[in-house]
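Structure at a glance
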Amino acid sequence: MKSFLVASLLLFLPQVVSAQISFDAGTGVLKGFGAPKSFGNLHLGIEVPRSTDQSVYGRFSYFFPVTESTTQSTVVTGNSMNVNPYNLTVNYGRSTNYMLFEGGTRRYIGNDFDYGFSGYSGTNIMVIVNKVKNEYSTTDATGQYTWADNYSLSPGEEREGTILSLALGLQVGVKYTFPAIGTVYADLSGQYLLTKPTASNYTASQTQLLSALFVIFNVGFRKDLY
């Protein structure tokens, strides 16, 4: 995965050495097919034209954590034999987020990259990092005992973990450039996982919010620098 990121950066850097470069920022939503909930994001991007109607781009998106609807439970154990009761049942919710590192190409149809109204389409490749975290209640299931100071989780139960995967996608969008001001845009991507998600531990592998096929809708503002 590290080798892929380095190779992608080396391919992208020569394109950045250009007389024109654009930066963008915005928000959006991700929805996986078969997944019960959607995710909201903030994103930052960079785009460099290779001609008047073609460009390469990179984008980082952070999707805020979403908690599963189902409540889980686990047993915590006293730190010494003097703790009474020695075992407690504690409820928790499992949350998941997305961090996306995306790069690809775009071709503009209609007006140019930096002029007027036009549509665009392209392909992308995406490195996906998901963080999965167990959010434990501060009291036991009965609400009578706080447990953080005197009890511990099982040594094999990890509070959080990560998932790595790689996806390929297609993107379509529209934009309008206001002279001397900037560009507003909206785009829709369809993504499919090329690799089986790799979970760092059991906690990460238990998330129910991910899907091998998902769509992302983004809107934002782009500023062109010359």
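The sections below set out a description of the structure shown in this document. Going along each chain's sequence as written, the residues are numbered from 1 onward. A pLDDT threshold of at least 70 governs which residues receive local features in this predicted model, and a stricter bar of 80 or more applies before side-chain atom pairs are shown or counted, although totals over entire chains, interfaces and linings include all residues. The side-chain numbers reported here are obtained from all heavy atoms of the structure, hydrogens and water having been left aside.

1. Here's the deal with the nonpolar core
Rule in force here: The criterion is simple. A nonpolar core is a set of buried Ala, Val, Leu, Ile, Met, Phe, Trp, Tyr and Cys residues joined through side-chain atoms within 4.5 Å. Only protein chains enter the accessibility calculation, which uses a 1.4 Å probe; a residue is then buried when its area is under 20% of its type maximum, exposed when over 50%, and partly exposed in between. Where helices and strands are cited, they refer to DSSP runs of H or I of at least four residues and of E of at least two residues respectively, numbered from the N terminus. Residue contacts are counted whenever heavy atoms from the two residues lie within 4.5 Å of one another.
Of all hydrophobic cores here, the largest spans 13 residues; its most connected members are Leu30, Leu100 and Ile128. When residues of this core are traced back to their parent elements, those giving at least two are strand S3 (54–67), strand S5 (87–110), strand S6 (116–136) and strand S11 (213–225). Beyond its immediate sequence surroundings of up to four residues, leucine 100 is in contact with Leu30, Arg59, Phe60, Ser61, Phe63, Met126, Val127, Ile128 and Ile216. One finds Leu88, Tyr92, Tyr136 and Trp147 within the second-largest nonpolar core, a separate group that totals nine residues.

2. Description of the packing of aromatic side chains
Here is the rule: Pairing of aromatic rings covers Phe, Tyr and Trp, the last counted by its six-membered ring, and requires centre-to-centre distances within 6.5 Å; plane angles under 30 degrees mean stacked, over 60 mean edge-to-face, and any other angle means tilted.
Summed over the entire model, instances satisfying the criterion amount to ten aromatic pairs. Measuring from centroid to centroid gives 5.3 Å for tyrosine 62 and phenylalanine 64, while their planes differ by 90 degrees, and the two rings are edge-to-face. According to the relative accessible area criterion, phenylalanine 64 is partly exposed, its value standing at 40%. Measuring from centroid to centroid gives 5.5 Å for tyrosine 108 and phenylalanine 113, while their planes differ by 90 degrees, and the two rings are edge-to-face.

3. Looking at the environment of methionine 99
Relative to the helices and strands, methionine 99 resides in strand S5. Separated by 80 residues in sequence, methionine 99 and proline 179 place their C-alpha atoms 33 Å apart.

4. Observations concerning the side chain of arginine 106
Put simply, the rule reads: For this analysis, a polar contact is any N or O atom pair within 3.5 Å, provided that within protein one partner can donate a hydrogen and the other can accept it, and provided that sequence-adjacent residues contribute only side-chain to side-chain pairs.
With respect to the helices and strands, arginine 106 occurs in strand S5. Assessed through its relative accessible area of 5%, arginine 106 is described here as buried. Polar contacts involving the side chain of arginine 106 include one to the side chain of glutamate 47, which spans 2.9 Å. A distance of 2.8 Å separates polar atoms of two side chains, one belonging to arginine 106 and the other to glutamine 171. If we skip the residues at most four places from it in the chain, arginine 106 touches Glu47, Asp53, Gln54, Ser55, Tyr57, Arg59, Tyr120, Ser121, Gly122, Gln171 and Asp187.

5. Looking at unusual backbone geometry
For the peptide bond that leads from asparagine 84 to proline 85, omega is 0 degrees, which places it in the cis range. If you check the backbone angles, alanine 180 has positive phi at about 65 degrees while not being a glycine. Within the secondary structure, alanine 180 sits in the loop between strand S8 (160–178) and strand S9 (182–193).

6. Concerning the pattern of salt bridges
The line we're drawing: Should a side-chain nitrogen of Lys or Arg be within 4 Å of a carboxyl oxygen of Asp or Glu, the pair is scored as a salt bridge.
In the structure shown here, the tally under the stated rule is eight salt bridges. Here arginine 59 makes a salt bridge to aspartate 187, at a shortest N to O gap of 3.2 Å. Residue arginine 59 is located in strand S3, and its partner aspartate 187 is located in strand S9; the two are separated by 128 residues in the primary sequence. For arginine 59, a relative accessible area of 5% corresponds to the buried category. Arginine 106 is paired through a salt bridge with aspartate 187; the nearest N and O atoms lie 3.8 Å apart. Residue arginine 106 is located in strand S5, and its partner aspartate 187 is located in strand S9; the two are separated by 81 residues in the primary sequence. The network of salt bridges with common partners includes Glu47, Arg59, Arg106, Asp187, Arg222 and Asp224.

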